[in-house]
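Topology and contacts: notes
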Amino acid sequence: QVQLVESGGGLVQAGGSLRLSCAASGRTFSSYAMGWFRQAPGKEREFVAAITWNGGNTYYADSVKGRFTISRDNAKNTVYLQMNSLKPEDTAVYYCAGALSFKLRVASGEYDYWGQGTQVTVSS
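One structure accompanies this document, and this report is about it. (Residues numbered from 1 in each chain as written. Predicted model: local features only at pLDDT ≥ 70, side-chain atom pairs only at ≥ 80, totals over all residues. Heavy atoms only, no water.)

Turning next to the overall build of the protein. Scanning the protein for helices and strands turns up zero helices and 11 strands. Listed by position from the N terminus, the elements making up the protein come as β-β-β-β-β-β-β-β-β-β-β. Since a compact globule built from 124 residues should have a radius of gyration of about 14 Å, the 13 Å found for the protein is in line with a globular shape. Taken over the C-alpha atoms alone, the protein extends approximately 40 × 25 × 25 Å along its principal axes. A total of 124 residues make up the protein; the buried ones form 44% of that total. Considering only contacts within the protein whose residues lie at least 6 apart along the sequence, 59% involve residues at least 24 apart. (Helix = DSSP H or I, 4+ residues; strand = E, 2+ residues; numbered from the N terminus. Rg over C-alpha atoms; globule rule 2.2 N^0.38 Å. Buried < 20%, exposed > 50% of the residue type's maximum accessible area, 1.4 Å probe, protein only. Contact = heavy atoms within 4.5 Å.)

Scanning all chains against the criterion turns up one disulfide. The residue that forms a disulfide with C22 is C96, at a sulfur-sulfur distance of 1.9 Å. With the S-S dihedral at roughly 40°, the linkage between C22 and C96 falls on the right-handed side. Note that C22 is positioned in strand β3 (residues 18-24) and C96 in strand β9 (residues 92-99), a separation of 74 residues in sequence. This pair shows no difference in class: C22 is buried, exactly as C96 is. (Disulfide = S-S within 2.5 Å.)

Below, the structure written as structure tokens:
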């Protein structure tokens with residue numbers, strides 16, 4: 001069992017930056033591929049970024065490519081999402097998720113564990 005707790009959300013002006021963190025419990029964190037998803041009001045949850053168990057591979061949605069960076073520190077059981085050049089359309093609840101897999105996972109249905117989410121609001 002893995003529990004995920006996100007932090008770092010908040011209110012920021014367009015063009016600003018935020019760094020989200022997701023702390024995981026359990027001793028098998030390094031066995032999990034990790035991902036970030038987001039859900040805006042009235043919209044479906046969408047994929048943002050993913051990273052393999054060792055950080056060797058990453059993948060991003062086109063909408064955030066070049067602005068967001070996913071990383072992880074297995075010694076700290078934590079995955080991060082650095083968000084730069086934020087836009088109002090990035091406003092959403094951001095969720096981290098874990099998949100017991102050594103491969104990248106993009107589809108939400110492929111993830112086994114989810115955090116409770118953290119709100120990110122970007123003002124124009």
